[in-house]
Amino acid sequence: MNAADQQKLADCIARARSGSLDAWGDLYREFAGPIFRFCRRALPAREDAEDATTEIFMKVREKLGQYDPSRPFQAWLYKVSANHCWDLLRRRKIRQDLETEDVDETPLEHPDANQLDQLLEKRSSQEVRGALAKLPSRSRMALVLRYYSDMSYDEIAESLGVRRNFVGVVLLRARHQLREALAGHGSRGMAAGRTP
Amino acid sequence: MNANPNQPNNHFDEMTCLQYLEGQLERTRALELSAHTERCGDCRALLSALERESRLLTRSMREEEEPVPARLLAPVRERMPWAWIISFGMGAAGAYWLWTTILDPWRAQLNEAGFGGTNLVTMLFFQGALWKGWGSMWNLVQVLAVVSMCVVGYFVLRRGLRRMNTIALVMSALAAALLLPGGASAAEIHKNEPSYTLPSGQTVKNDLIVFGNNIRIDGDVDGDLIAFGNNVTVNGHVSGDVISAGSSLMINGTVDGSVRFGGSMFTLHGKIGKNLMLGAGNATTDSTSEIGWSVTVGGGDVTLDGKIGRDILGAVGRMHMGGSVGGDIKLQANEGFDIGSSAQVLGKIVYQGPKPPDIASGAKLASAPEVTIKTRKLDVYSGFSWWHRALAWGASFVFGLVLMLIAPKFFSETVQNANRYGASIGIGLLLIVGIPFAAVLACITVVGLSVGISTAMLFVIFIYGGKVFVATWLGRMMLGKGGYAGFYASTGERTWKTSEAVGQLALGLLVIYGLRVIPYAGFWVTLAVTVWALGALGLTVYSMMANRSKVAAAA
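(A) Representation of the overall build of chain B. Check the secondary structure of chain B and you find 15 helices and 25 strands. Per-residue burial for chain B yields a buried fraction of 39% across its 555 residues.

Laid out in structure tokens, this is it:
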């Protein structure tokens, strides 16, 4: 987004905050797609994503006054979305609250890069999305926050309610689970990051 | 974190490599790794593979492989759908039909019997329960009116007030509005006393309201007596009415007005100037007792040996009549009716039961009883016509639509919570027992009567209204998922895809009402739906309160 676009967005937000329905409509149209896709990646079903998108924008509209204009709007928007989706998963009790005690179990090993390359080489985006959908909620959410929303480790830690030092572990474990899902159950060693 | 000495060739582990790529590594460690990769092909390849994995993830997730649903971007403003018109029409027709065929005749009859001028709460709790059209009134008129008033009041006020304050305000105002027509002068109130005794010789020149375990009125009350307790005994004189609920009520003294009691056991040795209304397991009036006007009774075993000035209207298990009755007897007894030798009935007797009444030889009856032999009905709805069922469906439908319109978020969230049927039913079971208990507790403790009544009324609303959420959920399951339409693209206001949501609600209600007709199973369906819906509502209320707390904490 160039400087002119940013300025335009800032103006739009300011007008929406002051109650302009047109400005809010513009904001909504601009971000409805990205937020829907965010929800689509974070939540298990399309229907959930649609419902969540509407609910998130309800929240955003209510909380627009709390937004600090000195910070990027998208980051704030994704943060609200992440909190909403995570809360939704928590309330449905399908979130898996593996906590920090298993940090030490994360293997500190050096996997075979060639094998990893081979695994990734033939995978389409669709296959990756399919594998992503099979991951436990927290792993999926961590990957979405990092690689879709481009959130910092601090923001991820806050959204998921984990210690900041634990974010890297969550992400690495999520990658392992993703590889496992991509490869099927036959390549546990690769997924666990072990050298064959 | 050092390069792992356990690794062959002292390679860096995957975690360190990932943190390096993500810019999370300390500068010195990053430099060390960077230098290492200059000479280590394995680590360089791993970094490259991890980076490739990151890019693949980002690309896969950001790819716009499916369009944003149209309902999120450009929902159409819908005109008032046919279903609304039909349902409002049915609601209005139902109200009119009920009023002209059931309510008004009964109101006239009750007025004639001396029950006029009563307020809605009294009707609901003391008359409604004994009336055969109770379900109709409940479904179509009273509850709809009460609930609509509450809901509209709540949503009008909520913008300016905190949510719980608003609920308390609306419910208290409603309770006050319903109670006031009866005449609300200042009353003497006693609560938090395990036992209360008004000593003989003392007079309370006011209404007396007492909550306690054992309540004994030996003195006089120059006003109404309202007593909620385990055992209530009136030995003195009450110039107004006695309204009581509890385990037992015994009246040995004189009550100039009417007595209304709901509980386990009622005994009358004294005199009641006007009417007696009972919902009791056992009721006895002895031969020395007198009731000036009429008796309306619903209960198990009832013995009426005293003098009754006017009519008896009853739906009981078994009745023994040994006294005198100045008017008619209209009675339904599921187990039997016998008339003793000392009985004297000046009016006619209309009786419905499993066998003819057992009439002792000395009994003096003005005419032979009109007897209808009928075994106990197991299906409470069997007396109602299909037309009535359709109207009941229409009323629920209207209620659901109104709620959907004014509280779409609440509605959708509760429907979603109904999807968690295990949790909903579990919580519903807790609430269906817990809320009435809490309401009674609130009434008799320091929390206060208004909170208790508010809680009870909310409970009643939840019990009635809950089925619309389960119905919508059921409809969703049957018709496929859908729900609200998203936002108006122009303004961002959320709207419902009414055609879908309305269809789901309508179909779900149809299924539920259909199942309720089935003998035996119907009762359990009703109970299950009520419990389920209550749980879903509980979950929604809880999550709303939790979110509010979270926002407050964050602020």
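(B) The overall build of chain A, seen in detail. Assigned secondary structure in chain A consists of ten helices and zero strands. Listing the helices and strands of chain A from first to last along the sequence gives α-α-α-α-α-α-α-α-α-α. Counting only residues that meet the buried cut, chain A has 41% of its 196 residues in that class. Of the contacts formed within chain A by residues at least 6 apart in sequence, a portion of 66% connects residues at least 24 apart.

(C) Broad picture of the interface of chain A and chain B. Each side of the interface is counted separately: chain A has 45 residues, and chain B has 46 residues. Contributions of two or more residues to the side of chain A that touches chain B are made by helix H2 (21-42), helix H3 (46-63), helix H5 (113-121), helix H6 (125-133), helix H7 (137-148) and helix H9 (164-183) of chain A. With ten residues, H2 of chain A is the largest single contributor of residues to the side of chain A that touches chain B. By residue class, the composition of the side of chain A that touches chain B is 20 nonpolar, eleven polar and 14 charged.

(D) Looking closely at the environment of Val 144 of chain A. As for its placement among the helices and strands, Val 144 of chain A is situated in helix H7. Through-space distance from the C-alpha of Val 144 of chain A to that of Arg 40 of chain A is 10.0 Å; in sequence the pair is 104 residues apart. In this structure Val 144 of chain A touches Phe 38, Arg 41, Ala 42 and Ser 149 of chain A together with Met 61 of chain B, once residues within four positions along its chain are discounted.

(E) Inspection of unusual backbone geometry at higher detail. Here the phi dihedral of Asp 150 of chain A falls at roughly 60°; this positive angle occurs in a residue that is not glycine. By secondary structure assignment, the location of Asp 150 of chain A is in the loop between H7 and helix H8 (153-160).

(F) View of the sheet that holds strand S11 (residues 271-272) of chain B. Residue and element names in this part refer to chain B. Taking strand neighbours across the sheet as the criterion, the ten strands line up as S3-S5-S7-S9-S11-S13-S15-S17-S19-S22 in an open arrangement whose pairing is parallel. The two strands at the open ends of the sheet, each matched to only one other strand, are strand S3 (203-204) and strand S22 (364-365). Where strand S7 (residues 237-238) and strand S9 (residues 254-255) come together, two bridges link them in parallel fashion. When the sheet's bridge partners are listed, Val 238 is paired in S9 with Val 255.

(G) Molecular detail of the nonpolar core. With 66 residues, the main nonpolar core has Cys 39 and Ala 142 of chain A as its most contacted residues. For this core, the element with the most residues is H2 of chain A, which contributes ten residues. When sequence neighbours within four positions are dropped, the list of residues in contact with Cys 39 of chain A reads Ala 49, Ala 52, Thr 53, Ser 81 and Cys 85 of chain A. Ranked by size, the runner-up nonpolar core spans 52 residues in total, among them Ala 227, Val 255, Leu 276 and Ile 312 of chain B.

(H) Seen up close, the packing of H7 of chain A against H8 of chain A. Residues and elements named next belong to chain A. Axis separation between H7 and H8 bottoms out at 10 Å; the angle between their running directions is 145°. Crossing of H7 over H8 shows right-handed handedness. Here Arg 138, Met 141, Ala 142, Leu 145 and Arg 146 of H7 come into contact with H8, specifically with Ile 156, Ser 159 and Leu 160. Looking at the contact of H7 with H8, its residues break down into five nonpolar, one polar and two charged.

(I) Just the pairing of strand S4 (residues 207-217) of chain B, in detail. All names here are of chain B. Taken across its eleven residues, S4 has eight buried, putting it largely inside the fold. Relative to S4, strand S2 (residues 195-198) runs parallel, the two being bridged by four bridges. By the bridge assignment for S4, Leu 198 is matched with Ile 217.

(J) Seen up close, H8 of chain A. All names here are of chain A. All of the buried residues in H8 are Tyr 153, Ile 156, Ser 159 and Leu 160. Down the axis of H8, the smallest arc covering the buried residues is 125°, so these residues share one side. One or two positions beyond H8, positive phi appears at Gly 161, with a value near 70°.

(K) The arrangement of the packing of helix H1 (residues 14-21) of chain B against helix H3 (residues 41-62) of chain B in detail. All names here are of chain B. Contact pair H1 / H3: the axes reach a minimum separation of 10 Å and the direction vectors enclose 60°. Taken together, H1 and H3 sit at an angle that is classed as oblique. Two packed elements cross with a definite hand, and for H1 against H3 that hand is right-handed. Of the residues in H3, those in contact with Glu 14, Cys 17, Leu 18 and Leu 21 of H1 are Cys 43, Leu 46, Leu 47, Leu 50, Glu 51 and Ser 54. Looking at side-chain class alone, the contact of H1 with H3 contains seven nonpolar, one polar and two charged residues.

(L) Local environment of the environment of Thr 455 of chain B. Residues and elements named next belong to chain B. As for its placement among the helices and strands, Thr 455 is situated in helix H12 (residues 449-465). Along the primary structure Thr 455 and Ala 439 are separated by 16 residues, whereas in three dimensions their C-alpha atoms are 5.6 Å apart. Residues contacting Thr 455, with those up to four places away along its chain left out, are Ile 435, Ala 438, Ala 439 and Ala 442.

Basis of the calculations
Residues numbered from 1 in each chain as written. Chains lettered and ligands numbered in written order. Predicted model: local features only at pLDDT ≥ 70, side-chain atom pairs only at ≥ 80, totals over all residues. Helix = DSSP H or I, 4+ residues; strand = E, 2+ residues; numbered from the N terminus. Buried ≥ 20, exposed ≤ 12 C-beta atoms within 10 Å, placed from the backbone. Contact = placed C-beta atoms within 7 Å. Nonpolar A, V, L, I, M, F, W, Y, C, P; charged D, E, K, R; others polar. Pairing = 2+ DSSP bridges. Core = buried A, V, L, I, M, F, W, Y, C linked by C-beta atoms within 7 Å. Axes fitted to C-alpha atoms, helices over the stretch in contact; angles between N-to-C directions. Left-handed = near helix turned anticlockwise from the far one by under 90°. Arc of directions from axis to C-beta. Parallel < 35°, antiparallel > 145°, perpendicular 65-115°, else oblique.

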